[in-house]
Amino acid sequence: MATGAAERPSPPTDTAAHAVVGVLAAAGIRRCYTVPGESFLELADAIDQHPRMQLVSTRHENGAGFMAEAEAKLTGVPAVAAATRGPGASNLAVGVHTAMQDSTPMIVFLGQAETEHLGREAFQEVDLTAFYTPITKWSTTVHRADRLAEVTAKAVRVATTGRPGPVAIAVPGDLFGQRVGPQDPPGPPVVPRPVLGTEARDRLATWLARAVRPVIVAGGGARAAREDLIRVAERFNTGVYAAWRRQDVFPNDHPLYLGHLGLGCSPPVLNALAEADAVLVVGCRMSETTTQGYRLPERGGRVRVAQIDIDPGQLGAGTDLWFGAVADAGEALRELAGAPVQAPYRDWSSARRVWVDTATVPPEAAGHTGSRLHPWAVVAGMRAALPEDALITNDAGNFASFLHRGWWFRHPRTQLAPTSGAMGYAVPAAVAAKIAAPDRTVVAVAGDGGALMTGQELETAVRMDAPVTVVVFQNGLYGTIAMHQARELGRIAGTRISGPLDLAGYARSLGARGATAHTREELEKALAEAVGADLPTLVDVRTDPEVISPGATLSGLLNG
């Protein structure tokens, strides 16, 4: 400090920002992901100074939103995402929408114009409450500093109870720094876990035991009750399907696992669901993708559908029900697993074999020739080189159809994937997962389109000492849209992107490691080195754009 310069006084520690952070820390929330903005200076400072919280500065608000969503999805505890005013809030919205569709708890703080300027279309002013209402469980604007802690506590309760989801709090920029005096933070929120009860349990148990071909469709609500789900499936001899991008809810190597209800699901895999006379849906909102366009289970007829969900609004929302129960999926499965009912043996080996065949590298892929790798070979190389309990974060794109089929999720909490289908998810999600669970092997899998939307978060990974591995299928296409264009229009438009790009060099420019793989041998070597590296590593895999999906080629679709 220059001689004679006045020493700046320490900022006060009894501000609204400190009260808010006290509420967050008391609720077990540990991190805030953000691009710092001028509208919440005091909040960022208070989080950074709190001994039990961590401020993670990202390179884009989109990355911050995906990181907060991924940490909460992995741990079950909300994370905070913060952004400033119009541009920052707009960038953050994709991650918040992802949290809404994925039923992920998240606390969102949105800096707003100062109180005296509100309603005048002030600098970067947007009606943030209206903007965020459709993509959150609750959205509000706070106008008094002394109410901020109270509203934050309510936000945590709303985000974590019932069907979890994001909440958004818009805060004028002059409130966080106001002094409100010391406040005692509330204790952790009480999360109700409603049970089935004996009558409903026995009714469901008798129904499952008497059915001829019963199956279970398990979603994210059952993720924390994996062992009880296994016990229920074994007790009642039911086949089990994983809902869209919830493949880790049930061990894929279990003889009762029948497949993943995802995009491009092989029709034979759906036969057991189509032929079932009893379908139990647990912790799953029966989305468009899981139900294969709201077709399965079929409405009416001989099939009876029962649904267990903590949110009464989800019961029967996607299909007609024979029975619905508002209950926590974990509690319900625990009760069913202990039901005093014995079910007969049912042979699911044929239905399982159908799924196994679709999850095995086909002969045409094994014999693929050319200068670029077949996507199946990339998944096979991953299975050979990576530990089977690696945590996989996957992006949106046609490459993912090969990953969904070929990677077997044998262990719990090994998949982070957006059911919203948002591109750019994989890299930021992997960074957050590695920060939250540093002992895990974390692998992001993306196409070149998604990787270049948020790949700059590799710099965040370097800075935060989060050595993730990123596998990029680089085929020079926005593949999903190119497939739809070729199939529907007979030509493609705007879906060819530059390539091949030096993505390994791009990673190195951000301080990470980079490798390029043209063969499976190069891929396996790069992955083995990446897993043991101290820095994040991007593996640029050159894949064949002609192989557009597991069941089609681009030229075949273009030629009708």
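Conventions we followed
Residues numbered from 1 in each chain as written. Predicted model: local features only at pLDDT ≥ 70, side-chain atom pairs only at ≥ 80, totals over all residues. Heavy atoms only, no water. Helix = DSSP H or I, 4+ residues; strand = E, 2+ residues; numbered from the N terminus. Buried < 20%, exposed > 50% of the residue type's maximum accessible area, 1.4 Å probe, protein only. Polar contact = N/O pair within 3.5 Å; in protein donor to acceptor, adjacent residues only side chain to side chain. Patch = residues over 30% accessible without salt bridge, like charges linked within 9 Å, V, L, I, M, F, W, Y side chains within 5 Å. Areas by Shrake-Rupley, 256 points an atom, 1.4 Å probe, with all protein chains shown as cover. Salt bridge = Lys/Arg side-chain N within 4 Å of Asp/Glu carboxyl O. Domains from an automatic or database assignment. Contact = heavy atoms within 4.5 Å. UniProt positions renumbered as here; feature names shortened; annotations may be inferred. Pairing = 2+ DSSP bridges. Phe/Tyr/Trp six-rings, centres within 6.5 Å; stacked < 30°, edge-to-face > 60°. Lys NZ or Arg CZ within 6 Å of the ring centre and 35° of its normal. Axes fitted to C-alpha atoms, helices over the stretch in contact; angles between N-to-C directions. Expected span 1.5 Å × (residues − 1). Arc of directions from axis to C-beta.

Draft legend 1. Structural context of the side chain of Q307. As for its position among the elements, Q307 is in strand β11 (residues 304-309). Exposure remark for Q307: the relative accessible area of 2% places this residue in the buried category. From its side chain, Q307 meets the backbone oxygen of C284 in a polar contact 3.2 Å long.

Draft legend 2. Main features of the environment of E521. With respect to the element layout, E521 can be found in helix α20 (residues 520-531). Note: C-alpha distance between E521 and G381 (140 residues apart in sequence) is 8.0 Å.

Draft legend 3. Structural detail: a nonpolar patch on the surface. The grouping of M423, M453, Y478 and I481 at the surface amounts to a nonpolar patch, some 330 Å² of accessible area in total. Structurally, the position occupied by I481 is in helix α18 (residues 479-489). Its relative accessible area of 46% is what places I481 among the partly exposed residues.

Draft legend 4. Layout of the pattern of salt bridges. On inspection of all chains with the given rule, the structure shows 22 salt bridges. A salt bridge links E331 to R334, with the shortest nitrogen-to-oxygen separation between them at 3.2 Å. Of this pair, E331 and R334 are both found in helix α10 (residues 329-337), three residues apart, which corresponds to roughly one turn of the helix. Within this structure, E69, K73, D102 and R246 form a network of salt bridges that share partners.

Draft legend 5. Main features of the domain arrangement of the chain. Structurally, the chain comprises domain 1 (16-172), domain 2 (198-354) and domain 3 (360-559). For domain 1 versus domain 2, the distance between C-alpha centres works out to 35 Å. Across the contact, five residues belong to domain 1 and six residues belong to domain 2. Our count for the contact surface shared by domain 1 and domain 2 stands at one salt bridge.

Draft legend 6. How the structure looks around the UniProt feature "domain: Thiamine pyrophosphate enzyme N-terminal TPP-binding" (unreviewed entry) in the chain. Look at the UniProt record and you will see "domain: Thiamine pyrophosphate enzyme N-terminal TPP-binding" (unreviewed entry) annotated at residues 15-130. Helix makes up 47% of residues 15-130 and strand makes up 18%, while its end C-alpha atoms are separated by 27 Å.

Draft legend 7. Expanded view of unusual backbone geometry. Cis geometry marks the peptide bond from L296 to P297; its omega dihedral reads -5°. Tracing the chain through its elements places P297 in the loop between β10 (278-282) and β11. Its identity as a non-glycine residue notwithstanding, Q124 has a phi of 60°, on the positive side. You can see Q124 is positioned in the loop between β4 (106-112) and α5 (128-132). Phi angles above zero are rare outside glycine, and R245 is one such case at about 60°. Checked against the element boundaries, R245 lands in the loop between β8 (239-242) and β9 (257-260).

Draft legend 8. Structural context of the sheet that holds strand β16 (residues 469-474). Here we have six strands laid out as an open sheet, ordered β14-β13-β15-β16-β18-β17, and parallel in their pairing. Each edge of the sheet is formed by a strand with only one pairing partner; in this case those strands are β14 (415-416) and β17 (513-517). Sheet topology places strand β15 (residues 442-447) next to β16; five bridges connect them, and they run parallel. Paired with G447 across the bridge in β16 is F473.

Draft legend 9. The arrangement of the packing of aromatic side chains in detail. Taken as a whole, this structure holds ten aromatic pairs when the rule is applied. Between Y257 and W355 the ring centres are 5.0 Å apart and the planes differ by 90°, which places this aromatic pair in the edge-to-face class. Of the two residues, Y257 sits in strand β9 while W355 sits in helix α11 (residues 349-358), which places them 98 residues apart along the sequence. A residue is classified by how much of its surface remains accessible, and Y257, at 0% relative accessible area, is buried. Linked through ring pairs, F250, Y257, W355 and W408 together constitute an aromatic cluster. Of note, R203 hangs over the ring of W322, and the distance from its end group to the ring centre comes to 4.9 Å.

Draft legend 10. Expanded view of the sheet that holds strand β2 (residues 54-57). If you trace the six strands from one edge of the open sheet to the other, you get β2-β1-β3-β4-β6-β5, paired in parallel fashion. Each having just a single partner strand, β2 and β5 (138-141) make up the two edges of the open sheet. Put simply, the sheet's adjacent strands are angled 20° from each other on average, direction ignored. Looking at chain direction, strand β1 (residues 31-34) and strand β3 (residues 79-84) are connected through three bridges and run parallel. Bridge pairing in β3 places C32 opposite V80.

Draft legend 11. α20, seen in detail. In a regular helix each residue adds 1.5 Å, so twelve residues correspond to 16 Å; α20 covers 17 Å between its end C-alpha atoms and thus fits that length. Residues of α20 that are buried include every one of L523, A526, L527 and A530, and no others. Axial view of α20: buried residues confined to an arc of 100°, hence all on one face. Turned more than 90 degrees off the buried face of α20, the exposed positions are E521 and K525. The inward-facing, buried residues of α20 abut α13 (375-385), β16, β17 and β18 (537-542).

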